[in-house]
Each structure stands twice: as structure tokens, then as C-alpha cells.
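# Fold and geometry: a report
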Amino acid sequence: MSRIFGGACFGCKDMRGTTPRGTTPLQDAEGPILFWRVQIAAWLMLAALGFCIRYVAYGSAMVAWVLTLLMDTLGFGLTSTAALLHARHPGANRVQTAVCAALLCVGASALMAKLGVETQNALVPDYAPYALRNRVPMAFIYFLGVFCIWTLVYFAARAEMKARAERLRALRAQTRALQLELEHLHLQIEPHFLFNSLNTIVAEIHDRPVIAEEMTRRLAAYLRYSLSQRNNAICALRDELGAVETYLGIQALRFDDRFKYHLDIDPAALDMGIPHMTLQGLAENAIKHGKLDEDTPFRIHIRARREADALTIELDNPGQLDRPFDPPHSGVGLSNLSQRLALHYPGRHRFSLEQRAERTVATLYIQGTSCFA
């Protein structure tokens, strides 16, 4: 049995468009919210730790509270301002950025240390008995550690989010390319079907004008359905069955009593989705190769069954395969179908054409929903 297996799935969500060039973690849709949540949570935790340290050092909850409120609010403001400024100028040289970040960490630490000590002197003129000595150097080291850690975490998170944005941009571009390919394949099969149907009608006009007229009516009904579904890559099996019966009715008029068809459909499968015009392509191929000669009657069978989230469709016709099934060399209809299945159900489909006794059987298996549904 010849089979077509889809390649790796690149993602099943429809992601139109791309991320604007130069987008930073603070400019994309989720970045600002995530940044401010982490920023606020981190400084609240740091404030709680600072309050405990100051309370132990000075033995006064009021002093610890005032110092914490002043210093950690200032630290929050300084880091937030730095992040916003960097977000507005994301394309700076890395070396320059690193030097500026280091200088800002040192400057902000010195400012915070000096301000903190002066505030302590104002609040506790006689200096608390448990306060640490060398207050300015100790405060400077403390704040320098805080700002350095914040800077490293910020740049690491920004690099990760930028890499994620690049991956998302590539995925969106790839998804759009697949959508365009699907549109091309869909446009390709419609003219092919219409051309074949019109040739069939033209062949009947001279000898059987009444039959040709009825064929035209049925073709118009089919095209109305096709146009109503032109924006739907995936259609319900029940709708596709109705359309393919219209097509088979045209062929029944063409061949009179020589052609019969039979449908055996699992009711549970009727609401499952399949690519638009899939059944028509299989039916057209079955009629083309099942018509052995001008006088021999022939019949085709269409079966569909559902198992969990998987759909299996079989269509058989009389005849012998000339060679093993090869999608690229199997004609427009089947080649088109193979490509569309690979795009809609990557890794979750099989399509085969095999010989069973005196009949040729096309088997289509799809699992789950289309990546573009």
C-alpha cells in the first residue's frame, strides 16, 4: 500500500501577521503586563526583607517603616525608569549598554546609600544601639547588589523574550506561507473540476439536449454550494456528501443505467470536518478509472466511519492500477488532495490507493481537526 504521511506540525493556530521589527519585551502584547507584575512583586518582597533588617538594626518599627517606604519606593522608581528608557532605545550597542548599566548601578547605589544614611540620622539622631557600623559602605554594597541582580535578571529576561518573539515571528511567517499554499491549491482544483464538468455537458448537447440541460442545472447547484463555501477550507462531511451526490447525479445522467453509486455513511461521522471538495476529487478519479469501456456497467461505493476523533473514508471502483500510487504523478485531483492533507493534518493523515481483487480502493484517514480550521 502506498501512503502519504504528513511532516512535522508547525503549529495549529492561525497566527496572522508578524511582530513589528524592533519590538522589545516591554512593547509586545504580554511583555508590559508580565514585567510590571514581576517588578511590583519583586520590590514588595525586597521591601519586606528590608523592613525586617532595619527593624532588627534600629529596634523601631516606625523607623524601619519610614526607611523602607522611602528607599524601596525610590528603588522601584529608579529601576522602572531605567527599564522604560531602555525599552525606548532597544538598539543601542551592547558594550555601551553594559557600561551605562554599570555606571547607573553604581550611581544609584551611591545615591540610595547617602540618602538612606541621612534619613537615618534625621530619624535617629543618637544612633540606635544595634545599628551597624560603617553605614554608608554597607548601604552602598547592599543597594549595589540589589541593582546588579535586578539588571542581570532584566537583561536575561529581555533576551529570552526577544528570542521567543523571533521564534513567533518565524512561525507566523511559516503559517502564512502554508495558508497561501492552501489557497493556491484550492483555486487550482475548482477550475479543473469545472473544466471537466463542462466538457461532459458539451458532449451531450448535440445528441441529448434534455440530459445536457439537466446536467447544467445540477452543475449550477453544485457551484452554488462551492461558492457558498469558498472561504471555508474545512466543511462538514454531511455538506460534502450532499455536494458529491449532486456531482454523481450529473454522471448518472451522462452514463444512464451503466453507472450506479452507493453510500454507506456512519451517522456519527456526518458532523466531522474534511477539506473542501475532497469527496468530489475522489469520486471524479473513481469514475474516470472505473469506466472500463463504453458498454460495461460500473458501480462505485463510498464508505465513511468514525472512530473517536478519527475519520476514515473509503471509495472503491472497478479497474486495475497501472502502477503503484505516486501522488506527484497521479493527476491534478489526487496530487492536490495529497498536498492539502499534508498541510491540514501534518502527521495525522494517511492516503492510499491500492488494489483489492477486481476493484481499486482509495482510503483516506484523518485524525483530529485541521490546523487551519
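Keep in mind that this is a model prediction, so the values were computed, not measured.

This part is about the nonpolar core. Counting 37 residues, the largest nonpolar core has Leu-237, Leu-248, Ile-287, Leu-311, Ile-313 and Phe-351 as the members making the most contacts within it. Contributing elements (two or more residues each) for this core: α5 (209-228), α6 (237-255), α7 (278-290), β4 (298-307), β5 (310-318), α8 (332-344), β6 (349-356) and β7 (359-367). Among the elements that take part in this core, α6 stands out by supplying 7 residues, more than any other. Excluding residues within four positions of it along the chain, Leu-311 makes contact with Leu-237, Ala-269, Met-272, Ile-274, Arg-305, Leu-364, Tyr-365 and Ile-366.

As a further point, take the confidence of the model for the chain. Atomic detail in the predicted coordinates should be set aside for any region of low pLDDT. Here the chain shows a mean pLDDT of 79. Residues at 70 or above account for 79%. Here residues 1-29 is modelled with pLDDT under 50, and outside its nearest four sequence neighbours on either side it reaches 67 contacts, counting other chains as well. This model gives residues 128-132 a pLDDT under 50, and the stretch forms 7 contacts once residues within four places in sequence are excluded.

Looking now at a nonpolar patch on the surface. Together, Met-62, Trp-65, Val-66, Leu-69 and Leu-123 line one region of the surface with nonpolar side chains, adding up to about 480 Å² of accessible area. Counting residues per element, the nonpolar patch draws most heavily on helix α2 (residues 61-88), which supplies 4 residues. Take Trp-65: its relative accessible area is 51%, and that puts it in the exposed class.

Take the pattern of salt bridges next. Taken as a whole and judged by the stated rule, the model has 15 salt bridges. Between Glu-204 and Arg-208 there is a salt bridge; the shortest N-O distance is 2.8 Å. Here Asp-316 and Arg-303 are joined by a salt bridge, their closest N and O atoms 2.7 Å apart. Remark: Arg-303 occurs in strand β4 and Asp-316 occurs in strand β5; sequence separation between them is 13 residues. In the salt-bridge network here, residues are joined through shared partners; they are Arg-303, Glu-314, Asp-316, Glu-354, Arg-356 and Arg-359.

Reading the values: the criteria
Residue positions are counted from 1 within each chain, in the order its sequence is given. For a predicted model such as this one, the threshold for reporting local features is a pLDDT of at least 70, and the threshold for listing and counting side-chain atom pairs is 80 or more; totals across whole chains, interfaces and linings nevertheless cover every residue. The side-chain figures draw on all heavy atoms in the structure; neither hydrogens nor water molecules are used. What makes a nonpolar core is a set of buried Ala, Val, Leu, Ile, Met, Phe, Trp, Tyr and Cys residues whose side-chain atoms join them at distances within 4.5 Å. Here's how the labels work: a residue is buried when its accessible area is under 20% of the maximum for its type, exposed when over 50%, partly exposed in between, all with a 1.4 Å probe on protein chains only. Numbering of helices and strands starts at the N terminus; helices are DSSP runs of H or I of at least 4 residues and strands are runs of E of at least 2. In this analysis, two residues are considered to be in contact whenever any of their non-hydrogen atoms come within 4.5 Å of each other. The pLDDT value tells you how sure the predictor is about a given residue, anywhere from 0 up to 100. Each patch is built from residues that are more than 30% exposed by relative accessible area and take part in no salt bridge. Like charges join if they lie within 9 Å; nonpolar side chains (Val, Leu, Ile, Met, Phe, Trp, Tyr) join within 5 Å. Accessible areas in this description were obtained via Shrake-Rupley with a 1.4 Å probe; residue shielding takes into account the shown protein chains only. Criterion for a salt bridge: a side-chain nitrogen of Lys or Arg within 4 Å of a carboxyl oxygen of Asp or Glu.

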